[in-house]
Amino acid sequence: MNPRFLSALVALLLVSLLGGCVAPKTVDYAAFKQARPRTILVLPPLNESPDIKATYSLLSQVTFPLAEAGYYVMPVALVDETFQQNGLNTPTDIHNASPAKLKEIFGADAALYITVTQYGTQYRVISSATIVTASAKLVDLKTGTALWTGSATASSEEGNNNGGGGLVGALITAAVKQIINSANDVSHPIAGITSQRLLSAGHPAGLLYGPRSPKYGTD
Amino acid sequence: MGKKFGLLRYIATVVAGGALLAGCAPQAKTLYQWEGYQPQVYQYFNGEAKEAQVEALEADLQKIKATNRAAPPGYHAHLGMLYGSLGKDDQMVQQFQTEKALFPESTAYMDFLLSNAHKGIKQ
């Protein structure tokens, strides 16, 4: 075991002592802060759920949190068209493209690789829950290094179980009630909440604010 | 038609919910006026009629102009793509130029698209 690792371990232990039972989220933002990305290219998400709607449901809702965090977000539908025209027809093909190639075509500073692991409704005896879970990795397209990773989940049931759930709960409940009366995808509004939790800046372990935000450089 | 109203109602709910959420944090104004950009992108991916999308985005653009706030990143580029797919190349070029002017960070990609358009390689 090298001394550097050992001292990091000791530091971690100390922090965890200070923090009591709460395991601290230690995120290393050094590479992120050094890279200072301005523009983000969001690749169509990989979908590991059984529902084929997952990729484009989430992709259509990533721009809001990222742009409000202060980044320029490459227009997602247009980017998807450009991939198709270049023979990259699936999220897997696209995720396998080299960072250098992505940089050449789009001129973006960083790319966001998202994977949807859960998307849909689990039918249970007592109550059914619609859950969307996704993880993301932000990669510097100049160097190919990872700048940040995160994951988030949202469920239609989180507002109901704990008797309240605050505004987010109310939002989910309301959104889902609306959807039940229509023929639309019940998971889509849940994916919107997952996207906000995953990609908003200004919360622990979240993305840093980008250059277009007044809060840029404060985190 | 019922499907369309369902979606509209859903959008209204999400927007209202977002307004509620934004309401609890004082002065938490968004950087951009979003209107229907994300729902329109979703419509695009669902293969809805492009003429209707152009109409909705243009109508929202009037609302954005009326409040003097900024359209979100990608809004004009998305609209330009729709014009391009309808064969309205002049309007496509104009929208790509607007995106570039509002967001200079988009220059490389917009120039790439414009050069393709001039070569006639668009769909």
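## With respect to the overall build of chain A
Phase 1 of the analysis: Across its full length, chain A holds 10 helices and 6 strands.
Phase 2 of the analysis: For chain A, contacts bridging at least 24 residues in sequence account for 65% of all contacts bridging at least 6.
Phase 3 of the analysis: In the form shown here, chain A has an accessible surface area of approximately 10,400 Å², with 58% of it arising from carbon and sulfur atoms.

## Quick look at the packing of helix 5 (residues 76-85) of chain A against helix 4 (residues 75-85) of chain B
Phase 1 of the analysis: One can describe the packing of helix 5 of chain A onto helix 4 of chain B by two numbers: an axis separation of 8 Å at closest approach and a directional angle of 50°. One finds that helix 5 of chain A runs oblique with respect to helix 4 of chain B. Of the residues in helix 4 of chain B, those touching helix 5 of chain A at Ala 77, Leu 78 and Glu 81 of chain A are Ala 77, His 78 and Met 81 of chain B.
Phase 2 of the analysis: Each residue belonging to the contact of helix 5 of chain A with helix 4 of chain B can be placed in one class, and the counts come to 4 nonpolar, 1 polar and 1 charged.

## Digging into the pattern of salt bridges
Phase 1 of the analysis: Applying the stated criterion across every chain, the model contains 8 salt bridges over all chains.
Phase 2 of the analysis: A salt bridge links Arg 197 of chain A to Glu 158 of chain A; its shortest N-O distance comes to 2.5 Å. Here Arg 197 of chain A, found in helix 10 (residues 187-199), pairs with Glu 158 of chain A, found in helix 8 (residues 158-161); they are 39 residues apart in sequence, far enough to count as distant.
Phase 3 of the analysis: Residue class for Glu 158 of chain A comes out partly exposed when judged on its relative accessible area of 28%.
Phase 4 of the analysis: Overlapping salt bridges bring together Glu 35, Asp 60 and Lys 63 of chain B as one network.

## Some points on the pairing of strand 4 (residues 110-122) of chain A
Residue and element names in this part refer to chain A.
Phase 1 of the analysis: Across 3 bridges, strand 1 (residues 39-42) lies against strand 4 in parallel orientation. Bridge pairing links Leu 41 to Ala 111 in strand 4.
Phase 2 of the analysis: Where strand 2 (residues 46-47) and strand 4 come together, 2 bridges link them in parallel fashion. Within strand 4, the position partnered with Asn 47 by the bridge is Val 116.
Phase 3 of the analysis: Here strand 4 runs beside strand 5 (residues 129-140); their pairing, made up of 12 bridges, is antiparallel. By the bridge assignment for strand 5, Thr 115 is matched with Ser 135.

## Comments concerning the environment of Gln 61 of chain A
All names here are of chain A.
Phase 1 of the analysis: Of note, Gln 61 is situated in the loop between helix 3 (54-59) and helix 4 (63-68).
Phase 2 of the analysis: When its relative accessible area of 8% is taken as the criterion, Gln 61 is described as buried.
Phase 3 of the analysis: Through-space distance from the C-alpha of Gln 61 to that of Pro 189 is 9.2 Å; in sequence the pair is 128 residues apart.
Phase 4 of the analysis: At 3.2 Å, the side chain of Gln 61 forms a polar contact with the backbone oxygen of Ser 57.

## Focus on the side chain of Glu 157 of chain A
Residues and elements named next belong to chain A.
Phase 1 of the analysis: Looking at where Glu 157 falls in the secondary structure, it is placed in the loop between strand 6 (146-155) and helix 8.
Phase 2 of the analysis: Classification of Glu 157 as buried rests on a relative accessible area of 14%.
Phase 3 of the analysis: Ignoring sequence-local partners within four residues, the contact set of Glu 157 consists of Ser 127, Ser 128 and Ala 129.

Calculation criteria
Residues numbered from 1 in each chain as written. Chains lettered and ligands numbered in written order. Predicted model: local features only at pLDDT ≥ 70, side-chain atom pairs only at ≥ 80, totals over all residues. Heavy atoms only, no water. Helix = DSSP H or I, 4+ residues; strand = E, 2+ residues; numbered from the N terminus. Contact = heavy atoms within 4.5 Å. Areas by Shrake-Rupley, 256 points an atom, 1.4 Å probe, with all protein chains shown as cover. Axes fitted to C-alpha atoms, helices over the stretch in contact; angles between N-to-C directions. Parallel < 35°, antiparallel > 145°, perpendicular 65-115°, else oblique. Nonpolar A, V, L, I, M, F, W, Y, C, P; charged D, E, K, R; others polar. Salt bridge = Lys/Arg side-chain N within 4 Å of Asp/Glu carboxyl O. Buried < 20%, exposed > 50% of the residue type's maximum accessible area, 1.4 Å probe, protein only. Pairing = 2+ DSSP bridges. Polar contact = N/O pair within 3.5 Å; in protein donor to acceptor, adjacent residues only side chain to side chain.

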